[in-house]
Amino acid sequence: MADNPKKKGRDRELVSEREHEVAYLMRTAKVTRQKALEAIREAGPSRDKVMEYLRKK
């Protein structure tokens, strides 16, 4: 999972439940913390799938 914000490459394609990543997801998708965490848990670690999940909701 994406756990080091300084990493590049494939790590940027992944999202985890770490606070800075949830906050970024909340800002970019304009959703609540609860919705962001739900999306990560339901869609898995792929950032593209999480964003797609949030667009459908």
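Look up a bit, the structure's there.
Conventions and cut-offs
Residues numbered from 1 in each chain as written. Predicted model: local features only at pLDDT ≥ 70, side-chain atom pairs only at ≥ 80, totals over all residues. Heavy atoms only, no water. Core = buried A, V, L, I, M, F, W, Y, C linked by side-chain atoms within 4.5 Å. Buried < 20%, exposed > 50% of the residue type's maximum accessible area, 1.4 Å probe, protein only. Helix = DSSP H or I, 4+ residues; strand = E, 2+ residues; numbered from the N terminus. Contact = heavy atoms within 4.5 Å. Polar contact = N/O pair within 3.5 Å; in protein donor to acceptor, adjacent residues only side chain to side chain. Axes fitted to C-alpha atoms, helices over the stretch in contact; angles between N-to-C directions. Parallel < 35°, antiparallel > 145°, perpendicular 65-115°, else oblique. Left-handed = near helix turned anticlockwise from the far one by under 90°. Nonpolar A, V, L, I, M, F, W, Y, C, P; charged D, E, K, R; others polar. Salt bridge = Lys/Arg side-chain N within 4 Å of Asp/Glu carboxyl O.

### Considerations on the nonpolar core
Moving on, step 1. Core analysis: the biggest nonpolar cluster contains 10 residues, these being Val-15, Val-22, Leu-25, Ala-36, Leu-37, Ala-39, Ile-40, Val-50, Tyr-53 and Leu-54.
Moving on, step 2. Going through the elements one at a time, helix H1 (19-29), helix H2 (33-43) and helix H3 (47-56) are the ones with two or more residues in this core.
Moving on, step 3. A per-element tally of this core places H2 first, with four residues.
Moving on, step 4. Look past the residues within four positions of Ala-39 in its chain and what remains in contact with it is Gly-44, Val-50, Tyr-53 and Leu-54.

### With respect to the side chain of Ser-16
Moving on, step 1. Position of Ser-16 relative to the elements: it lies in the segment before H1.
Moving on, step 2. At a separation of 3.3 Å, a polar atom in the side chain of Ser-16 contacts the main-chain amide nitrogen of Arg-18.

### Quick word on the packing of H2 against H3
Moving on, step 1. Remark: H2 packs on H3, axes separated minimally by 9 Å, with the N-to-C direction vectors making an angle of 120°. Regarding the angle of H2 to H3, the classification is oblique. H2 and H3 meet at a crossing whose hand is right-handed. Of H3, the residues touching H2 (which contributes Lys-35, Glu-38, Ala-39, Ile-40, Glu-42 and Ala-43) are Lys-49, Val-50, Tyr-53 and Leu-54.
Moving on, step 2. Here the residues of the contact of H2 with H3 sort into six nonpolar, no polar and four charged.

### As for the pattern of salt bridges
Moving on, step 1. Inspection of the entire model under this criterion finds four salt bridges.
Moving on, step 2. A salt bridge links Glu-19 to Arg-33; the shortest N-O distance between them is 3.1 Å. One end of the pair, Glu-19, is in helix H1; the other, Arg-33, is in helix H2, with 14 residues separating them in the sequence.
Moving on, step 3. When its relative accessible area of 37% is taken as the criterion, Arg-33 is described as partly exposed.
Moving on, step 4. A salt bridge links Glu-21 to Arg-47; the shortest N-O distance between them is 4.0 Å. One end of the pair, Glu-21, is in helix H1; the other, Arg-47, is in helix H3, with 26 residues separating them in the sequence.

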